Each structure stands twice: as structure tokens, then as C-alpha cells.
Amino acid sequence: MTLPRITARPSPYPFSLQRLPTATSWTHRRLATVSGSHLPGSTGSSSSSSGGQTLIEKIVQRYTVGASPGLVRQGDFVSIQPHHVLTHDNTAAVLSKYKAINPQRIFNPRQPVFAIDHDVQNTSPTNLAKYTTIRDFAHRHGIDYYPPGRGIGHQTMVEEAYALPYTLTVASDSHANMYGGLGCLGTPIVRTDAAAIWCTGQTWWQVPRVVHVELRGAPPRGVTGKDVILALCAHFKANQVLNAAVEFGGDGVSHLSVDERLAVANMTTEWGALAGVFPLTPAVVDQIQAEPLVADPDAQYAKRLTLDLASMQPYVSGPNSVKVATPVVELAAQHIKIHKAYLVSCVAPGVEFYVAPASTKVQQEAQARGDWQVLMQAGAIPLPAGCGPCVGLGMGLLKDGEVGISATNRNFKGRMGSPNAQAYLASPAVVMASALKGEIAVPTLPEYAELVRRSPPSAPQPVVSTPCTTTVDSATSPARTIRAPLVFCHQDNLNTDGIYPGKYTYQDSLTAAQMAAVVMENYDPAFPSLLNASPSSAGTILLAGFNFGTGSSREQAATALKAAGVRLVLAGSASETFKRNALNNGLLVLEAPALVKDAASEFGRQKLSVRTGWVAEVRLEEGKVVVSKGEQRVEYAIPRVGKIAQELMREGGLEGWVRKRLSQAAVADGSAASQAARAETRV
């Protein structure tokens, strides 16, 4: 595939971000646009009587519409006007929502960024036509557009300086967290949010609880940022950071390169967090001449965790889970044969080694050093810059019974190919060593020799601080009751790839019925039949395990459930991004941990999905659910629904809500113009 020629905008960052260059005057102008008081709701830093603000709260303060000094706190519902909003191949789906809302124009053409990166190996006429539609729309409205083959969108956001320190930038993709490696608050939104931002410049957000993670000491040679985040995912796997924003600190931060901070921030998504933000070290602040922004000394954190970097070893996570990580030394002793390796190999017999650059700039830099040529001469299989196998698209996917090891960020069951394959994650050095040997292996580089002799570190223990106090809207919900039978899926950490496989995500022509037929395909192919065979015409209430809907920001994980007849989801706990997707599309997700535990005790874990025979009556007005178990009736508490959720449900989701607001604004503008005309006539 011939890579397109790209004329890049000036960037303050080098291609690999291994070093920081001298900032240009252009960069200074860019930083000036995000540090002044003209930002939406910007009031500068201040403290309130209830204590100081975290760094994350201060950044949100800058981008909250109508904020007052010190008032933005964890738990608050706010209207945010982000600096930028990235969409990728899903731009086509956002475009259809934009047209349905039917605004007069893009609110601010400098706010959206389009970067095509997911299905770039698909050269079918349908996919190419979709890309052409996106390109033409971008050019017509003056929106920055990066074509297929240019690179992964998040890398582009970094290279082209959209993700800047102390800004709030969102993406319709779960790995927006990556921007936190540069001190930018990056967080995922969903497709309907993106359409709302195109139309109004704003969307809603609940400020998450903030967890402070202290990194202590210096990591041994051979330990990378990838190892740090794999260790965090595995050691702190009891949902310590679920739906939280992570704020990193400690002397260990200065021992991680900018590249490594980006890698750690990127995979805070897999850890369960909505953001992962690093402070700017003094050297970086001096280099880009930015005004420092730091947490107040008395900032309140929901929790504090500590990781001793000096105790680290290189890790491999999996198979098929980021919550299981093993020192590579231990796995190497097991001689686990591999079939495919990914730096998205120097190939051992029987190993296919796929290489995809993060961007054309990264590839050009590798070519200039000669590294790319060495890989190609050794037999590596090049892929175009983009997501490719990581999201289960294009060539090189894992087949039934195969084992793969990848330097990517996600190894959910079925994500990289067959649900019957095994996928491991590791640092690029471990992936390369494994590709060379044909099995999971320790690199033979000198810096790994000492690590081989060391025993694995013990799991660090979290240090929990006093929880912060948050103010959460608990307004009375509309008088409404939902009554339907319960279908129970016991699996904890059931991710979006399990709910709606990635191979369908960019098939925009699928009907609701077709989506319903493949829902839960990677988890339990029999699941749709349980819903279809439900004796009730009232639909089904899905009862799910803990951390339900973790993973990507794909909207179809929610809409496919709705299409299959699921009226409501009750879960032990749920990903905030999934809840956002569901609510924006008129599907409510509520947490009922006691009910989930009772169901697990009653039905066990032998079957993936169970038609329970229980009927739930969810009383939203009262904040409880009454479950009929034969002759027995048991009550369980559920959250009450706040005002924002009430409005969104009443309008059928965010799309209807925005359409109504724009209509009201147009009527008001017309009335004002009419009054002005009459006044002028009288004069």
C-alpha cells in the first residue's frame, strides 16, 4: 500500500517524543489560546472553603461553561466545551446523527478533528465511499482531516499539537486517555456527544472521582512504561480506579520518558479509568515555556495508590485479560509457543510478525535510522499506519487455537480474531524477543540479565485516603416503573468486544435486527435466543456482573442490547463510558450490587447466560427494584435518577435533546428578530 504524502502542521513534539525540542513561536501562540481567561468558564486557580482542587479539577474548571472559582468538584455534573474533539472511522456515524439533528452549521470548525485509522485495510467500494464522504464533509466545513494511512488518530493528536498541556480534549474513542501523558486531560466521549459538540460546541460530563497514584523511585533497566501500566492493571485489579480520573505524581514520574508516560496514560483505559494525567516535569515546563498548573497542597483525592518502580520487572499480561500479569521470566520458563507477534518479526519458524507504525512520521523516522529496513529484511510483514489487528480488522488476525503476543493495548477475548485464540500483551522488546524465539521469551539484551536473576516483586498495596465528599444530583426522577423478566450474565469485566464484536463496529449498514442477532457473540452466542424466547412482550431486563461494559467507547454495545429488546440494564457496577453511551441512546444502566450477588449465589457460574424466571419491577421514582422470585418478593436499592438523566430519557437520548434545544433557540432568535423589526418600524 502506498502511503499518502502528508504536509504536516508545525509541531512542538518530535516524531517519537523521546526528547523535547525548542518550542516554536507557533507553539507559544497555541499555548496562549488555552491558558488565558477567555476560555469557557476559565477563572484561574483558586480554592474553596472545602479544600483545594486537584489538577484534574482545575483543568475541568477551565472548560466548564459558566463555572465559578473553585466550584468544580468531583461528582459535579457540568457542561464542558472541550478544546478539540477527535473522531475516526466513526465520523460517518457521527455525521448521520449530525444530519438528524439538522443544525444550520458546525458550531466551531476548529474544534473537530477527523483522523481515519481503524479500517484502513478495507478497500471495498463501500468503505472507500464512506471515507470520501468524510473527507468531502471536512473540506466543505473547514475541519482538519487526516486520511487513511496517516496514522492512529491519538498519535496524530499528539504529533500535530491538538493535545496540549492543561487542556481538555475529548475523542469518540476510549483511548483518549493517552493525551494525559502530556498533561492534557483526555477523556472518551461517545458518538452522540461528538454530534452534540459539532452542533453546540458543548456536551455534558460528570467530573469523576480523582485517584492519586504515586510512582516511587527509578525502574530497573529494561523496565518500560508498558510494564508499569501492565503491573498497575494486574496489581490493582479490584476496581480501585473504575470510572475514576487518575492523577500521577511522585519522584518516579521524572524517570519515565514522555513516550512512556503516553503509554501508561493510554492504557489507564484498560485499568478502568476515564483519564490518566501526568504532571509536567520542570524540564518540560521550561522547554515549552508553559505556566505551571498543579494541584493545591490540600487537594482532596478519593483514594491514594503507590507503586514502587524499583521493584518492577518486565511483565506479560494475559492470556485474554489485562488483569493477569506475570513476570516474563516465569512465562519464558513455560515455553509457551506463539504463532503471531505484533508491533502494532526476525521471524522464528512458524511465527508471523506484523509491524504497523503509529503514524507516517514514526515510519519516516524509523526509515531514517535504518530500523524499518532491518525489520523488513528479516521478514516482517508491514501493515499501513493504523489500528488494524488491535481492533480485529484487516490481515493478520488470530485464528482458532493460535497464540499471539502484541505490543498493543488490548487483549480481550475475540478482539484480535477468534474467540478461541489466546492473546498476550508485552513491551516491544519482549514481543521482539518472543518473535525471534517462537515462544514467549526474555530479551537477550544486557539490561535484562540482572532482571532474570531477580525474584518477582510482591504486589504493592494501595494506601487509601479519606474519601472526598462529592455533591451528586439526586433530584426526584419521573414517576415511572419498568417491569420485565431478568436474564442474568454472571461474568465480571464483560467488555464491549464481548457485547458487540469489533468486526461489526464499522459496518454502518447493519440493521437493528442484524445488530440484535450478533449481540454478545464473543461472550455467549446463545444470548439472543434467551431474549427472543422471552415470554413477556415487555422486553427484558439484563442483570449483569461487575464492571460491565468495560473496554472501548463503541456505541453499538448499548444500541445492540436495546435492539435486542433489553429495556434496562442492572449491573453490579458498570463502565461510565458504557453508561454514557446507553443513556445518550435512551437505555438506562443502574447499579444493583446486592441483587447481582444474590443472583450469582442462586444461579452459579456454570452457564454464561441464564433466563432466571425472576421478574423485576424497577421503580425509578422510589429508587428501588422489587424482584418476584416465584411467591417471594425481595426489594433492592438502586440509584435515583438525576435531572440530566431525566431530560435525556424524556427526549429519547442526547440526539433528541440537542435537536429540541436548537429548535427552541431558533424560535427564540426568530422572536427576537421579529420584535427588533417591529421596534424599528415604529421608530
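Use the structure listed above.
Definitions and cut-offs
- Residues numbered from 1 in each chain as written.
- Predicted model: local features only at pLDDT ≥ 70, side-chain atom pairs only at ≥ 80, totals over all residues.
- Heavy atoms only, no water.
- Buried < 20%, exposed > 50% of the residue type's maximum accessible area, 1.4 Å probe, protein only.
- Helix = DSSP H or I, 4+ residues; strand = E, 2+ residues; numbered from the N terminus.
- Axes fitted to C-alpha atoms, helices over the stretch in contact; angles between N-to-C directions.
- Parallel < 35°, antiparallel > 145°, perpendicular 65-115°, else oblique.
- Left-handed = near helix turned anticlockwise from the far one by under 90°.
- Contact = heavy atoms within 4.5 Å.
- Nonpolar A, V, L, I, M, F, W, Y, C, P; charged D, E, K, R; others polar.
- 1 Å grid on protein atoms, 1.4 Å probe; cavity = no way out; pocket = protein on both sides within 12 Å on 5 of 7 lines; lining within 4 Å.
- Points joined across faces, edges and corners; volume = space filled by probe spheres on them.
- Phe/Tyr/Trp six-rings, centres within 6.5 Å; stacked < 30°, edge-to-face > 60°.
- Lys NZ or Arg CZ within 6 Å of the ring centre and 35° of its normal.
- Pairing = 2+ DSSP bridges.

It is worth spelling out helix 3 (residues 91-101) at this point. Where burial is concerned, most of helix 3 is hidden: eight out of the 11 residues are buried. Of the residues making up helix 3, those classed as buried are Thr91, Ala92, Ala93, Val94, Leu95, Lys97, Tyr98 and Ile101.

One can describe the packing of helix 3 onto helix 4 (residues 125-141) by two numbers: an axis separation of 9 Å at closest approach and a directional angle of 60°. Judged by the angle between their axes, helix 3 and helix 4 are oblique. Regarding helix 3 and helix 4, the two cross each other, and that crossing is left-handed. Residues Thr91, Ala92, Leu95 and Tyr98 of helix 3 form the contact with helix 4, whose participating residues are Lys130, Thr133, Ile134, Phe137 and His141. Class assignment of the residues belonging to the contact of helix 3 with helix 4 gives a composition of five nonpolar, three polar and one charged.

Of the pockets and cavities examined, the largest cavity occupies roughly 100 Å³. Residue lining of the largest cavity: 15 residues in total, with Thr269, Gly272, Ala273, Ser575 and Thr577 positioned closest to the centre. Among the residues making up the lining of the largest cavity, the classes are represented as four nonpolar, 10 polar and one charged.

Bringing the packing of aromatic side chains into the picture now. Going through the model one piece at a time under the given rule, you end up with 13 aromatic pairs. Taking 4.3 Å as the distance between ring centres and 10° as the angle between the ring planes, the aromatic pair formed by Phe248 and Phe278 counts as stacked. Of this pair, Phe248 sits in strand 9 (residues 245-249) while Phe278 sits in the loop between strand 10 (275-277) and helix 10 (282-288), placing them 30 residues apart in sequence. Geometrically, the ring pair formed by Phe548 and Phe578 is edge-to-face, given 5.2 Å between the ring centres and 85° between the ring planes. With a gap of 30 residues between them, Phe548 in the loop between strand 20 (540-544) and helix 19 (556-563) and Phe578 in helix 20 (residues 576-584) connect regions that are remote in the sequence. Members of the aromatic cluster, connected to one another through ring pairs, are Tyr98, Phe114, Phe137 and Trp198. Against the face of Trp204 rests Arg580, its NZ or CZ located 4.1 Å from the ring centre. A cation sits over an aromatic face here: Lys629 above Trp614, 4.3 Å from the ring centre.

A word on the pairing of strand 23 (residues 609-619). Most of strand 23 is tucked away, with eight of its 11 residues classed as buried. Bridge count between strand 19 (residues 481-489) and strand 23: eight bridges; the pairing is antiparallel. Bridge assignment links Cys489 to a residue of strand 23, and that residue is Ser609. Pairing between strand 23 and strand 24 (residues 624-629): five bridges, direction antiparallel. Residue pairing for strand 24: Ala616 is matched across the bridge by Val627. The turn joining strand 23 and strand 24, which pair antiparallel and follow one another in sequence, is formed by four residues; a positive phi near 70° is taken by Gly623.

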